[in-house]
Amino acid sequence: MDFTPTEHQTLLRETLRKLLERECPAALVRAHVDDPGVHEPLWTHLREYVALGTGPATDCCLALEETGHAAAPGPFLATVGLYTPLTGDETPGTVAIAGSAGEWLPNDEPVKTFVLEADRVERIAVVCPGPAVAVIERPGPERLRPVATVDFSRRVFELDTTGLALEARPLERGAFDRWRARAYASIAAEMVGTARRILGMALDHARHRHQFGVPIGSFQAIQHKLADMSLALERATAAVHYAAMTVDAGHPDLLRAAHAAKAAAGDAARRILKDGIQIHGGIGYTWEHDLHLYLRRATADEYLLGTTGWHLDRLADLLFA
Amino acid sequence: MRLAWGPQDEAFRAELVAFLDEHTPPEARAGADFMGEYSGDEIVPQWLRDWQATLFDHGWMIPGYPPELGGRNCTPVQTLIYLETMAERRVPRSGHFPGYAIVTPSLLEYGDDAQRALAPAAARGDTVWCIGMSEPDAGSDLAGLKTRAELRGDHFVVNGQKVWTSYAQIADKCFCYVRTDPAAPKHKGISVLIIDMDSPGIEVRPLTHITRKADFAEVFFTDVVVPRENLVGPLNGGWAITQGSLAHERAGLWVEGVARFEQTVGALVELARRTGRDRDPVARRRIAAAYELATSLRALGYKGFASYAQGSSAPEHSYMKLATSEAGKAAFELGMELCGAYGAVTDPDRGQEAGRWVTSFFVSFANTIAGGSSEIQRNIVAQRVLGLPRG
Ligand SMILES: Cc1cc2nc3c(=O)[nH]c(=O)nc-3n(C[C@H](O)[C@H](O)[C@H](O)COP(=O)(O)OP(=O)(O)OC[C@H]3O[C@@H](n4cnc5c(N)ncnc54)[C@H](O)[C@@H]3O)c2cc1C
């Protein structure tokens, strides 16, 4: 198993990192709380990367770590992580699959939940039982109900397909599983990116905040928290890269690897967000401090595309099959 | 990033597998159970000594070394494949790790010509070595060691005590850390001596492990005379040598820990099936979490290896000892929990697998203490990897 990134991958990551530093500072994520329109200049840049959705999952996940790190608003994940890999279409899009229970598996309920960024894409792929996929043009607001979550950087909708003529094209089981695995790895990649952002902020604070005449980062209780946070993050990041590699190789282990990656990312994100704010103390509890922008994203992502517990349960189903 | 290694490396694996198929002794095929202890009374059974020599003679003991040191000059990737294959097949390399894993590389790096000449026998296992580091008042704080070696002309005189010394009862030689300058700051007054264990003035008192199945020892030194030429490296330069273990294998040392952990997770699945707990959603979720941990730790090990092979430092490896030792302990605990009321039963005719889970749980206590405790590992991660200030 060779984890060495190719030159192309290193370049991709660095280019995106610089782009996002410039185009997606915390101020933009904050402005997006009240004005969703502010993401548009960023999207014109990120749109140039939608071909990642049809390329290798490894490249795509490296890119998504960067958008997660920036908590980038907009339909980038929805397009390159979900829509494009499912349809092969590079038009901005999203995928509708979960029903009222919020479980991301095919079902025949007409109202689809947790549809990411549905009002800012051009097309929506509706996954139907079979599994089968029907692509529709984005409908008007009468069919889209925004659902508020704790995260202001990502927009979530319910899509009502009642009465729509869905021309569903059947999907092979293997292709569907591969798509799912890729989708789990994709959101997990964003999550480890966001967790890395929070860990970075906590480390910075630990180095610069002084109490009792010394940096708080010299206290062992804080050091050990940070060591465990960092271990959880490195582990989850490696699990995401492994999952992406199994998708690219069409390896028989790909679903197990993807469930493991999403669960590892969920665990790491939860630990890092909780200890991350603890290390910040009172300043982290303020609206003015940027920390909460990332805590919000990390908190909400754990519930998308299956919770940590759900992924562990599916992994158990495979282990005990 | 890709899953497969190149064709040359896969050919290397095939050659190793063919060798193992042909030569692995039946005792090793039966396998150590997953906690890595062999039944029988001998500390190191004869078949295992013979096997180490066979590996050495065929260039499969430390494959990254040249043939005269039991290797075949293989690449780092091939060393990783070697460690991976041995661990997957649960084939041991040796029954006494200090000689080949710590002493051999240290002698090669720091020894003079005469000392380097001791390396092949250490790697082949012909000479059994023990490591004298820990003392009653110097464990995690190794630099606090007090065993005194006074230089008197052409020899040292050693007085003091070591403790927890593994293999001391059967060792021919001790790679011993001693204080040669009591006046210097504590890291700067330490030297390493090669001490023959049959020297007059050495007393070895066995100390039984918590499991009662194995021993380490206390070693007492009273006016032990050690020739000056047995000093390894510079006088008072011993601290640097504490860092020297198999440098080129360090990037792969995690492999065995991860492989054992994966085998434990596989055994948990079987155990749950046997005990009917495979229908218990809580147990299923916890086993899946252990599997997730195994998957992510293996990936983390390989990711670190990739940075190492590219010549960068690999912070990933600082995490591996901490993570695998803690993960193992938790997995054995889960196994005990799956045994229900029989969790603590060791009676071979009752409960599960003759108390394998609770026994392994006890054995696993050592892994988070020895070789740098989990707390020390976290200090290292915080200070050396994350760059936080010392307290
Ligand atoms: C099975 C086994 C085999 C061994 N074999 C050998 C051998 O062959 N040769 C040899 O020399 N030694 C050997 N050892 C000894 C081993 O290296 C020591 O036990 C280890 O270094 C810990 O030292 P200690 O036991 O004195 O514990 P201590 O250092 O006293 O630690 C006690 C507790 O305090 C914690 N602690 C200590 N310092 C800190 C700190 N700075 N921050 C936070 N917590 C801290 C530790 O984590 C631990 O929880 C062996 C030990 C075992 C269990």
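Residues numbered from 1 in each chain as written. Chains lettered and ligands numbered in written order. Predicted model: local features only at pLDDT ≥ 70, side-chain atom pairs only at ≥ 80, totals over all residues. Heavy atoms only, no water.

Engineer: Describe the site of the ligand, naming the residues involved and giving the relevant values.
Structural biologist: Among the 18 residues in the neighbourhood of the ligand, the closest are listed as B:S134, B:S140, B:W164, B:S373 and B:E375. The local environment of the ligand is shared, drawing residues from chains A and B. Backbone polar atom of B:S134 to an oxygen atom of the ligand: 2.7 Å apart, as the coordinates give it. Between B:S140 and the ligand, the recorded distance is 2.6 Å, taken from a side-chain N or O atom to an oxygen atom. Here the element with the most residues in the shell around the ligand is helix α14 (residues 374–385) of chain B; it accounts for three residues. (Near = heavy atom within 4 Å. Polar contact = N/O pair within 3.5 Å; in protein donor to acceptor, adjacent residues only side chain to side chain. Helix = DSSP H or I, 4+ residues; strand = E, 2+ residues; numbered from the N terminus.)

Engineer: How would you summarise helix α2 (residues 26–34) of chain A if you had to cite specific residues and measurements?
Structural biologist: Residues and elements named next belong to chain A. Within the sequence span of α2, burial applies to A26, L28, V29, H32 and V33. Projected onto a plane normal to the axis of α2, the buried residues spread over an arc of 165 degrees and lie on a single side. Facing away from the buried side of α2, by more than 90 degrees, are the exposed residues A27 and D34. Turning to α2, the residues buried within the fold contact α1 (7–23), α3 (40–46) and α9 (291–301). (Buried < 20%, exposed > 50% of the residue type's maximum accessible area, 1.4 Å probe, protein only. Arc of directions from axis to C-beta. Contact = heavy atoms within 4.5 Å.)

Engineer: Could you give me a rundown of the nonpolar core, with the residues and numbers involved?
Structural biologist: Core analysis: the biggest nonpolar cluster contains 180 residues, and A:V95, A:L226 and B:I287 have the highest contact counts within it. The leading source of residues in this core is helix α6 (residues 173–208) of chain A, at 18 residues. A domain split of this core shows at least three residues from each of domain 1 (7–95) and domain 3 (240–385) of chain B. Discounting residues that sit within four places of it in the chain, A:V95 has contacts with A:L82, A:Y83, A:L86, A:V115, A:A125, A:V127 and A:W179. (Core = buried A, V, L, I, M, F, W, Y, C linked by side-chain atoms within 4.5 Å. Domains from an automatic or database assignment.)

Engineer: Just give me the short version of a negative patch on the surface, but keep the residues and values in it.
Structural biologist: Together, B:D112, B:D113, B:D154 and B:E229 make up a region of like negative charge exposed at the surface. Considering the arrangement of structural elements, one finds B:D154 in the loop between β2 (148–152) and β3 (155–162). (Patch = residues over 30% accessible without salt bridge, like charges linked within 9 Å, V, L, I, M, F, W, Y side chains within 5 Å. Areas by Shrake-Rupley, 256 points an atom, 1.4 Å probe, with all protein chains shown as cover. Salt bridge = Lys/Arg side-chain N within 4 Å of Asp/Glu carboxyl O. Lys, Arg positive; Asp, Glu negative; His and termini not counted. Charge placed at Lys NZ, Arg CZ, Asp CG, Glu CD.)

Engineer: Break down the domain arrangement of chain B for me, with residues and values.
Structural biologist: Residues and elements named next belong to chain B. Each domain of chain B was delimited in the assignment, giving domain 1 (7–95), domain 2 (129–236) and domain 3 (240–385). Between domain 1 and domain 3, roughly 1700 Å² of surface is buried when both sides are summed, and carbon and sulfur atoms account for 68% of that area. Where domain 1 touches domain 3, the interface holds zero salt bridges. When grouped by side-chain class, the residues that make up the side of domain 1 that touches domain 3 number nine nonpolar, three polar and five charged. (Buried area = accessible area lost by both parts, 1.4 Å probe. Nonpolar A, V, L, I, M, F, W, Y, C, P; charged D, E, K, R; others polar.)

Engineer: Describe the environment of B:A217, naming the residues involved and giving the relevant values.
Structural biologist: All names here are of chain B. When you line up the elements, A217 lands in strand β7 (residues 215–227). With a relative accessible area of 0%, A217 lands in the buried category. In the structure, A217 is positioned 64 residues away from G153 in sequence and 31 Å away in space, judged by C-alpha atoms. Contact partners of A217, with chain neighbours within four places excluded, come to V163, W164, T165, A168, Q169, V204, R205, P206 and L207.

Engineer: Can you explain the side chain of A:T113? Please cite residues and give values.
Structural biologist: Mapping A:T113 onto the fold places it in strand β2 (residues 111–116). Setting aside residues up to four positions removed in sequence, A:T113 forms contacts with A:A98, A:G99, A:S100, A:G102, A:F157 and A:E158.

Engineer: Report on the sheet that holds strand β4 (residues 132–137) of chain A, specifying residues and quantitative values.
Structural biologist: Residue and element names in this part refer to chain A. The strand order across the open sheet formed by four strands is β1-β3-β4-β7, and the pairing between neighbours is mixed. The open sheet has two edge strands, β1 (93–96) and β7 (169–170), and neither has a second partner. Where strand β3 (residues 123–128) and β4 come together, six bridges link them in antiparallel fashion. Opposite V126, over in β4, you have A134 as the bridge partner. Of the strands in this sheet, β1, β3, β4 and β7 touch helix α5 (residues 76–87), which is tilted by about 75 degrees from β1. (Pairing = 2+ DSSP bridges. Axes fitted to C-alpha atoms, helices over the stretch in contact; angles between N-to-C directions.)

Engineer: Explain the interface of chain B and chain A to me, using residue names and the numbers behind them.
Structural biologist: Between chain B and chain A, the contact holds 41 residues from the first and 50 residues from the second. The largest contributions to the chain B side of the interface with chain A come from B:M1, B:L3 and B:Y291, which together make up 21% of the buried area. Across the pair A:E234 and B:K303 runs a salt bridge, and its minimum N-O distance is 4.0 Å. The tally of links from chain B across to chain A stands at 16 residue pairs in polar contact (both at pLDDT 80 or more). Residue assignment for the side of chain B that touches chain A shows that the elements contributing at least two residues are α10 (254–275), α11 (281–309), α12 (316–338) and α14 of chain B. Looking at which element gives the most residues to the side of chain B that touches chain A, the answer is α11(B), with 17 residues. Taken together, the residues of the side of chain B that touches chain A sort by class into 23 nonpolar, seven polar and 11 charged.

Engineer: Just give me the short version of the sheet that holds strand β5 (residues 144–147) of chain A, but keep the residues and values in it.
Structural biologist: Residues and elements named next belong to chain A. Across the sheet, which stays open at both edges, the three strands sit in the order β2-β6-β5 with antiparallel pairing between neighbours. A strand with exactly one partner marks an edge of an open sheet, and here the two such strands are β2 and β5. This sheet shows a mean twist of 30 degrees between the axes of neighbouring strands, independent of strand direction. In this structure, β5 lies alongside strand β6 (residues 156–160), joined through four bridges in antiparallel fashion. Residue pairing in the sheet places P146 in a bridge with F157 of β6.

Engineer: Give me the lowdown on the packing of helix α4 (residues 57–69) of chain A against helix α7 (residues 220–249) of chain A, citing residues and values where you can.
Structural biologist: In a pair of packed helices, the angle between the axes and the distance between the axes together describe the arrangement. Residue and element names in this part refer to chain A. For the pair α4 and α7, interaxial distance at closest approach is 8 Å and the crossing angle is 150 degrees. Judged by the inter-axis angle, α4 sits roughly antiparallel to α7. Contact with α4, carried on its side by A57, T58, C61, L62 and E65, involves T237, V240, H241, A244, M245, V247 and D248 of α7 and no other residues of that element. Residue classes in the contact of α4 with α7 are distributed as seven nonpolar, three polar and two charged. (Parallel < 35°, antiparallel > 145°, perpendicular 65-115°, else oblique.)

Engineer: So what's going on with the environment of B:V163? Residues and values would help.
Structural biologist: Residue and element names in this part refer to chain B. Within the secondary structure layout, V163 lies in the loop between β3 and β4 (173–179). Judged by relative accessible area, V163 falls into the buried class, the value being 7%. Taking the C-alpha atoms as reference points, V163 and M133, 30 residues apart in sequence, are found 8.0 Å from one another. For V163, the contacting residues outside a window of four places in its chain are S134, E135, P136, L207, A217 and E218.

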